[in-house]
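Fold and contact review
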Amino acid sequence: MSNYVKIANSKSLVFGFVLNGEGGSIALQDVEDGTSPAWFHLDLLKKDCKANLKLLALPEHAIDGLTRLDTRPRTSVFEEGILLILRVINLIPGENPNDMVSLRIWVEKDKIISLRQKRVLSAQDIKADLENNSGPKNASEIVTAIIERIADRVSEYVDSIEARMEKFEDEVGTENLVNIRANVAKLRREAAMVRRYLAPQREALEALFRLSGNFLNKDDRNYVQELSDRIIRYVEDLDLVREKAVMLQEELMNRMAQQQNDRMYVLSIVAAIFLPISFVTGLFGMNVEGLPGIDDPMAFLYVAGSMAVVVVGILCYFRSKRWL
């Protein structure tokens, strides 16, 4: 039994293809080992994953780099091949998009091995293209196709973040400021988490462009450079979103402080108006002998009129000081 057939029957293989050179594929079971460029997409969390990597004749340092749990985007070039670690926007329904998924790729001249921990939609897209005979024609094109699909989904996610930021900016003054402030803070954290991986991913793609001459075609290497420039633009867009979020948070804080000042101002005006009235009512409400007007039926009107005059006088004074 050939190694390809053994891998095809293993639990860790998500899918695998032998490229026919025309944008289509051949099942692993139908070809002999190493006869044509091939792509193996494995599940890192399955127990037989390392065994499959050994069947594919990967060197030990490549296996160690591909199966390491804690990774960050990077490119390492060896004599046998290229180790490429990327991060992918997690667009699986029900999961957090900014929880970026790790995708590990080993690149040889005629062989691509990719490892995942969670489902990677970008890889699924290329799988569908190969099944429809419209996919990559060689191993070099598989690498650029994967990076392109990753960049496309990053673009969609960054666009959605920018749209949400514009929505929050439009809602200032019309919605609950506390809720907007909480949403802006959440968006700012999301942008920071995505940028955390995109910045080194840009460096990884630049290194791939510079160092992959023995493994990628010239046109594909140039396209990698274009994709790297796209990632740079997305990083800059995320930086702009973070700056907008900071400015919007400051504006919201100022608006909330102004609202509090306005409320305190109104309360101060009310307290200033009712302070002398409370004094008068407290004075005439004492239960002691000798208070004037106790036996006079017009006394209440006199007191009420006096308090009205005091209120009008206070209002006129505030008006003259332009406090109202």
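Basis of the calculations
- Residues numbered from 1 in each chain as written.
- Predicted model: local features only at pLDDT ≥ 70, side-chain atom pairs only at ≥ 80, totals over all residues.
- Heavy atoms only, no water.
- Helix = DSSP H or I, 4+ residues; strand = E, 2+ residues; numbered from the N terminus.
- Rg over C-alpha atoms; globule rule 2.2 N^0.38 Å.
- Contact = heavy atoms within 4.5 Å.
- Lys, Arg positive; Asp, Glu negative; His and termini not counted.
- Charge placed at Lys NZ, Arg CZ, Asp CG, Glu CD.
- Buried < 20%, exposed > 50% of the residue type's maximum accessible area, 1.4 Å probe, protein only.
- Pairing = 2+ DSSP bridges.
- Salt bridge = Lys/Arg side-chain N within 4 Å of Asp/Glu carboxyl O.

**Topic: the overall build of the chain**
For the chain, the helix and strand inventory stands at 8 helices and 7 strands. Taken against the 2.2 N^0.38 rule, which gives 20 Å for 324 residues, the C-alpha radius of gyration of the chain at 35 Å runs more than 25% over that of a compact globule. Summarising its shape, the C-alpha atoms of the chain cover approximately 120 × 35 × 35 Å along the three principal directions. Across the chain, every contact between residues at least 6 apart in sequence was considered, and the portion connecting residues at least 24 apart equals 67%. Within the chain, the 46 negative side-chain charges are centred at a point lying 4 Å from the centre of the 41 positive side-chain charges.

**What about the pairing of strand S3 (residues 38-43)?**
With 6 of 6 residues buried, S3 lies mostly within the body of the structure. Of the two faces of S3, the one lined by Ala38, Phe40 and Leu42 and the one lined by Trp39, His41 and Asp43 are each fully buried. As paired strands, strand S1 (residues 13-19) and S3 are joined by 5 bridges and run antiparallel to one another. Pairing of Phe17 across the sheet is with Trp39, part of S3. Two strands pair when backbone bridges link them, and S3 and strand S7 (residues 111-116) are joined in this way by 6 bridges, in the parallel orientation. Residue Leu42 lies in a different strand from S7, and its bridge partner there is Leu115.

**Regarding the side chain of His41**
Checked against the element boundaries, His41 lands in strand S3. Overall, His41 belongs to the buried group, its relative accessible area being 1%. Leave out the neighbours within four places in its chain, and His41 touches Ser12, Leu13, Val14, Phe15, Leu103, Ser114, Arg116 and Ala123.

**A short note on the side chain of Ser140**
In this fold, Ser140 is placed in helix H5 (residues 139-171). Overall, the relative accessible area of 3% leaves Ser140 in the buried class. With near-sequence residues (within four places) excluded, Ser140 lies in contact with Phe215, Leu216, Asn217 and Asp220.

**Observations concerning the pattern of salt bridges**
Inspection of every chain in the model, using the stated rule, returns 12 salt bridges. One salt bridge in this structure joins Asp125 and Arg153, with 2.6 Å as the shortest N-O distance. With a gap of 28 residues between them, Asp125 in helix H4 (residues 121-131) and Arg153 in helix H5 connect regions that are remote in the sequence. Looking at Asp125, the relative accessible area reads 23%, which means it is partly exposed. When the shortest N-O distance is used, the salt bridge between Arg149 and Asp129 registers 2.5 Å. Taken together, the residues Arg149 in helix H5 and Asp129 in helix H4 connect sequence positions 20 residues apart. Classification of Asp129 as buried rests on a relative accessible area of 19%.

Function cannot be inferred from these measures alone, as they are strictly geometric.
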